[in-house]
Amino acid sequence: MPRAVDGTKRKDRRKKILEILNKEGSVRVTELSHIFDTSEVTIRTDLADMEYKGLLTRVHGGGAHLTGAGSGRRADVAGRAGLRKGAGNSDGCKNHRAL
C-alpha cells in the first residue's frame, strides 16, 4: 500500500480516536484495536504520538483526556488505574520493586 494512503488512514484513525476521547473522557487500547481492526501496537503508537503532541495523556491500558472532560463516565481513569500520587512505590508502580 502506498505511503500516502497509510498516512491518510493514520490521520483519520487518530481524528476518530480524539472524537471518542472527547465523548468518553478516556480510551482503551483493546477497544480501539477492535473498533479500527488494527493491532494494539498500532494503537499504542497512535496514542504515544498523540501524547507527544499534547492531545491526550497516556494511562495504563489507554489514554485519557487531558482535562478529564468528557461524558464523566470515565473521568477518573487515572484513579481507577492506580495512578494516583502515592499509589505504589516511589515511581508510582504498584507491583514493581526498586532495583
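The text that follows walks through the structure, step by step, so that each part is easy to find. Remember, it's a predicted structure, so these values are computed and weren't measured experimentally.

**Points about unusual backbone geometry**
A positive phi angle, close to 50 degrees, is found at Asp37, a residue other than glycine. Within the fold, Asp37 resides in the loop between helix 2 (29-36) and helix 3 (40-52).

**Here's the deal with the environment of Arg10**
For Arg10, the location among the structural elements is in helix 1 (residues 3-24). By relative accessible area, which is 38% here, Arg10 ends up partly exposed. As for Arg10 and Asp46, which are separated by 36 residues in sequence, their C-alpha atoms are 7.9 Å apart.

**Notes on helix 2**
Listing the buried residues of helix 2 in full gives Val29, Leu32, Ser33 and Phe36. Angular distribution of buried residues about the axis of helix 2 spans 105 degrees; they occupy a single face of the element. Away from its buried face, by an angle of more than 90 degrees, helix 2 presents the exposed residues His34 and Ile35. Looking at the residues trailing helix 2, positive phi occurs at Asp37, about 50 degrees.

**Some remarks on the sheet that holds strand 3 (residues 62-64)**
To summarise the sheet geometry, strands pair through backbone hydrogen bonds and adopt either a parallel or an antiparallel arrangement. Ordered in space as 1-3-2, the three strands form an open sheet in which the pairing is antiparallel. The open sheet has two edge strands with one neighbour each: strand 1 (26-28) and strand 2 (57-59). Within the sheet, the average angular offset between the axes of one strand and its neighbour, ignoring direction, is 25 degrees. Sheet topology note: the strand 1/strand 3 ladder contains three bridges and is antiparallel. In the sheet register, Val27 faces strand 3, and the bridge partner there is Gly63.

Conventions and cut-offs
Residues numbered from 1 in each chain as written. Predicted model: local features only at pLDDT ≥ 70, side-chain atom pairs only at ≥ 80, totals over all residues. Heavy atoms only, no water. Helix = DSSP H or I, 4+ residues; strand = E, 2+ residues; numbered from the N terminus. Buried < 20%, exposed > 50% of the residue type's maximum accessible area, 1.4 Å probe, protein only. Arc of directions from axis to C-beta. Pairing = 2+ DSSP bridges. Axes fitted to C-alpha atoms, helices over the stretch in contact; angles between N-to-C directions.

The analysis is restricted to geometry; functional conclusions fall outside its scope.
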